[in-house]
Amino acid sequence: RRSIVPVVAELTGITDGMVADKPPVSEVMRRFIEFAGNDILVGHGIANSDIPFLRRAAARAGARFENRYFDTFRYAESLRGEYHLDSLKLGSLAQRLGVVQSREHRALDDAACAAGVYFALRELSMKSQDDR
């Protein structure tokens, strides 16, 4: 029910016209909470952006969003020195770890990339523990 900020529209390719006839955020949040159930959410950089946004949106919808989450950015940060991870941006990590990223800043593509980065980082972490 609001205009999409121009910088967000340029980054994501989402326009006002694309969302004009979509349900309000309150309804979408209720659907998302039902979809997520009690699952742990995995994403890149979600601790400081997505999770607070989802919690605020849920509160405005009269719902509670309390899912646990795993932030691959923080995971990569913990392995940064040991594996010389120069950049912690999702695209840079994906490239460094051999994870295919088709289109940046598109929800499904970024989710698939974050999942790939998670599994690649987990392999590094397990290898590191085995080496000790």
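Anything mentioned here points back to the structure above.
It should be emphasised that the depicted structure is a prediction, and the values quoted were computed from it without experimental measurement. (Residues numbered from 1 in each chain as written. Predicted model: local features only at pLDDT ≥ 70, side-chain atom pairs only at ≥ 80, totals over all residues. Heavy atoms only, no water.)

**Observations regarding the overall build of the protein chain**
- Helix and strand content of the protein chain: seven helices and two strands.
- Going from the N terminus to the C terminus, the protein chain shows its helices and strands as α-α-α-β-α-β-α-α-α.
- Expressed along its principal axes, the backbone C-alpha trace of the protein chain runs to roughly 55 × 30 × 20 Å.
- Pairs at least 24 residues apart make up 56% of the contacts formed inside the protein chain by residues separated by at least 6 positions.
- Of the roughly 9300 Å² of accessible surface on the protein chain, 54% is carried by carbon and sulfur atoms.
- Here the protein chain holds 19 positive side-chain charges and 18 negative ones, and the gap between their average locations is 5 Å. (Helix = DSSP H or I, 4+ residues; strand = E, 2+ residues; numbered from the N terminus. Contact = heavy atoms within 4.5 Å. Areas by Shrake-Rupley, 256 points an atom, 1.4 Å probe, with all protein chains shown as cover. Lys, Arg positive; Asp, Glu negative; His and termini not counted. Charge placed at Lys NZ, Arg CZ, Asp CG, Glu CD.)

**Observations regarding helix H4 (residues 50-60)**
- Taken together, the buried positions of H4 are occupied by Ile51, Leu54, Ala57 and Ala58. Buried residues of H4, seen end-on, are gathered within an arc of 130 degrees and therefore sit on one face of the element. For H4, the exposed residues set more than 90 degrees away from the buried face come down to Ala59 and Arg60.
- Contacts from the buried residues of H4 go to helix H3 (25-36), strand E1 (41-43) and strand E2 (69-71).
- Positive phi appears at Gly62, one or two residues downstream of H4, with a value of about 75 degrees. (Buried < 20%, exposed > 50% of the residue type's maximum accessible area, 1.4 Å probe, protein only. Arc of directions from axis to C-beta.)

**Overview of a nonpolar patch on the surface**
- Together, Val5, Val7 and Val8 make up a nonpolar patch on the protein surface, roughly 260 Å² of accessible area in all.
- Mapped onto the secondary structure, Val5 falls in the segment before helix H1 (6-12). (Patch = residues over 30% accessible without salt bridge, like charges linked within 9 Å, V, L, I, M, F, W, Y side chains within 5 Å. Salt bridge = Lys/Arg side-chain N within 4 Å of Asp/Glu carboxyl O.)

**Observations concerning unusual backbone geometry**
- Within the chain, His84 stands out as a residue other than glycine whose phi angle is a positive 50 degrees.
- The exposed category is assigned to His84, whose relative accessible area is 57%.

**Let's talk about the packing of aromatic side chains**
- One pass over the full model with this rule turns up six aromatic pairs.
- Consider the rings of Phe70 and Tyr75, whose centres lie 5.0 Å apart with planes at 85 degrees: the pair is edge-to-face.
- Owing to a relative accessible area of 15%, Tyr75 belongs among the buried residues under this scheme.
- We classify Phe70 as partly exposed; its relative accessible area is 29%.
- Among the aromatic residues, those joined into a cluster by ring pairs are Phe70, Tyr75, Tyr118 and Phe119. (Phe/Tyr/Trp six-rings, centres within 6.5 Å; stacked < 30°, edge-to-face > 60°.)

**Notes on helix H6 (residues 90-97)**
- Looking at H6, one finds that the buried residues are Leu90, Gly91, Leu93, Ala94 and Leu97. One side of H6 holds all its buried residues, which, seen down the axis, span an arc of 165 degrees.
- Following H6 by one or two positions, Gly98 adopts a phi angle in the positive range, close to 75 degrees.

**Things to note about the pattern of salt bridges**
- One pass over the full model with this rule turns up three salt bridges.
- Notably, a salt bridge pairs Lys22 with Asp21, separated by 3.5 Å at the nearest N-O pair.
- Here Glu66 makes a salt bridge to Arg64, at a shortest N to O gap of 2.1 Å. For the pair shown, Glu66 and Arg64 are each scored as exposed.

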